[in-house]
Amino acid sequence: MNVIERSQFFVGGAWVGPKGDGIVEVISPNDESLIGHFPEATTADVDVAVETARRAFDDGSWRRAPVQQRIDVARRLGTLIGSRSGEFIQLIINEMGAPISGGAGAAGQVLGVPVLVDLLTGFATDFPWISERSAPGGVSRSLVVHEPVGVVGAIIPWNGPLFLAMAKMVPALISGCTVVVKPAPETALDAYLLAEIASEAGIPPGVLSIVPGGREAGAHLVAHPLVDKITFTGSTAAGRQIAAVCGQQLKRASLELGGKSAAIVLDDADMSTTIPALVAGGLGNNGQQCFALSRVLVSSTRHGELVDALASTFGALRVGHALDPATELGPLISAAQRDRVEGYIARGTSDGARILTGGRRPTGLDKGWYVEPTLLDGVDNRSAVAQEEIFGPVISVIEYRDEADALAKANDSIFGLSGAVFTEDVSHGVDIAREVRTGTFHVNHFGGNLAAPFGGFKCSGIGREWGPEGLSDFTELKTINLPPAAG
């Protein structure tokens, strides 16, 4: 593909020149080729975007617009993305190496956007934006109003750039907020494509800005006094820093952070169902997904059968360029991330784990940042590979003594984002789910439900996305007490 050259930022519906002279190059993790470049947002660029959003919010025309008008704009945006899905898919494949195949691949990420928009706009239609409540006897009456939280700063990660941007933008826009989006520099080019269709969708001037930049720009957006709420997806370490700044300002924040999720394989599990789910849950998006099932807990009774099946499946997976339809596992996002994953594999073996398959760079792929799908056995649940988020194609197998021990090991983590259980008894699986401290849990499969809230317990975050709960996170509740009813 031709090198994409961008020279401006999308600020409030207009294309404006940058305040600085920094340039960011986007390198494909597939083959290390140059995809494109764009200006790096400075703090001055962030100031312009935030001030534009503040004026638009305070002007009030968007927040006072009928909810149905805002819903219609969101629907048009989703439709336009669907009509240009091929461009988005191609760009995201080249930016981040998500394979074209698979639900967590580039096609799944992009094609999931219209579905997400349909669900959110449907929930918005029935959402209780204004409701009346009466105390017993009807003497005291109040209007309870969901009002927009204000100017929203949305910080987007590289591992699901379009989908995660829309998961934040759409509920914020429907709620009447104005939004400043800061895409990750690794995957900012698809955000330019999103900006191109924003005005066509009917987003009014001032309401949406997109300013890609690095950590300095993100930190400035978080600390900006004119921003009312930050919505962030990324690492727990960064989330702690954001929470501290927002706490100082008593600024609202939604944080979707890391995970180290456990899959509990009970002795009555059907391996024909379990193995594919573990592969999808652990290796989807090249293992670069916060809700990955990166710990597999199994008893000694089923251990041998499970690791043999997983090792055989891992070894047969096709690793390669994400544009190749035969590819099942693509590259990691950067050389630094590949080094990080390789470092964890080495640390795991030094802590006593055994590599059953993988653990190396695949042969024949001299360009690009690849690591073979890696299965570690004999892992201690307290070791680094079992406790820290690796964000790569590495799964650790951990034995448990009995069900109580399995639950204890699953919960022995600072994280609480996802998890799974595999059992013939679905009712018992739900009982297990209730005992594991995570925001999302799966019984006998792996896959999200965009109609239900998504988010984590503990160090996996604060707040929820998707579902009607995702709308609530961009509103403030106001109570308007009415005169007593005449009686």
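This section reports on the structure supplied with the text.

The rules behind each value
Residues numbered from 1 in each chain as written. Predicted model: local features only at pLDDT ≥ 70, side-chain atom pairs only at ≥ 80, totals over all residues. Heavy atoms only, no water. Helix = DSSP H or I, 4+ residues; strand = E, 2+ residues; numbered from the N terminus. Expected span 1.5 Å × (residues − 1). Buried < 20%, exposed > 50% of the residue type's maximum accessible area, 1.4 Å probe, protein only. 1 Å grid on protein atoms, 1.4 Å probe; cavity = no way out; pocket = protein on both sides within 12 Å on 5 of 7 lines; lining within 4 Å. Points joined across faces, edges and corners; volume = space filled by probe spheres on them. Nonpolar A, V, L, I, M, F, W, Y, C, P; charged D, E, K, R; others polar. Lys, Arg positive; Asp, Glu negative; His and termini not counted. Salt bridge = Lys/Arg side-chain N within 4 Å of Asp/Glu carboxyl O. Polar contact = N/O pair within 3.5 Å; in protein donor to acceptor, adjacent residues only side chain to side chain. Contact = heavy atoms within 4.5 Å. Pairing = 2+ DSSP bridges.

### Section: helix H3 (residues 85-96)
With 12 residues, H3 should cover 16 Å at 1.5 Å per step; its first-to-last C-alpha distance of 16 Å lies within 8% of that length. With 9 of its 12 residues buried, H3 lies for the most part within the structure. Buried residues of H3: Ser85, Phe88, Ile89, Leu91, Ile92, Ile93, Asn94, Glu95 and Met96, and no others. Directly after H3, the chain includes Gly97, whose backbone phi takes a positive value near 80 degrees.

### Regarding empty space enclosed by the protein
Under the counting rule described, the total for this entry stands at 5 cavities of 30 Å³ or more. In this structure, the largest cavity occupies an estimated 70 Å³ of space. If you trace the largest cavity, you find it lined by Gly259, Lys260, Gly287, Gln289, Cys290, Ala292, Ser294, Glu389, Ile390, Phe391, Gly392 and Val394. Class assignment of the residues belonging to the lining of the largest cavity gives a composition of 5 nonpolar, 5 polar and 2 charged.

### As for the layout of surface pockets
Put simply, the largest pocket is a space of about 1,200 Å³. Lining the largest pocket we find 41 residues, and of these Arg215, Phe232, Gly234, Ser235 and Ala238 sit closest to its centre. In terms of residue count, the dominant contributor to the lining of the largest pocket is helix H8 (residues 236-249) (7 residues). A per-class count over the lining of the largest pocket returns 20 nonpolar, 13 polar and 8 charged.

### Looking at the side chain of Lys260
Inspection of the secondary structure assignment puts Lys260 in the loop between strand E12 (252-256) and strand E13 (261-265). Despite its burial, Lys260 remains without a salt bridge, the nearest opposite charge being carried by Glu389 at 7.9 Å. Polar side-chain contacts of Lys260 include one of 2.8 Å to the backbone oxygen of Val385. A distance of 3.0 Å separates a polar atom in the side chain of Lys260 from the backbone oxygen of Glu388. In this structure Lys260 touches Ser294, Arg295, Val385, Ala386, Gln387, Glu388, Glu389, Ile390, Ser413 and Phe415, once residues within four positions along its chain are discounted.

### Structural notes on the sheet that holds strand E17 (residues 394-400)
With mixed pairing, 7 strands are arranged side by side in an open sheet as E15-E16-E17-E14-E13-E19-E20. Bordering the open sheet on either side are strand E15 (354-357) and strand E20 (442-443), each of which pairs with just one other strand. Two elements, strand E19 (residues 419-422) and E20, share 2 bridges in a ladder whose sense is parallel. Paired with Val421 across the bridge in E20 is Val443.

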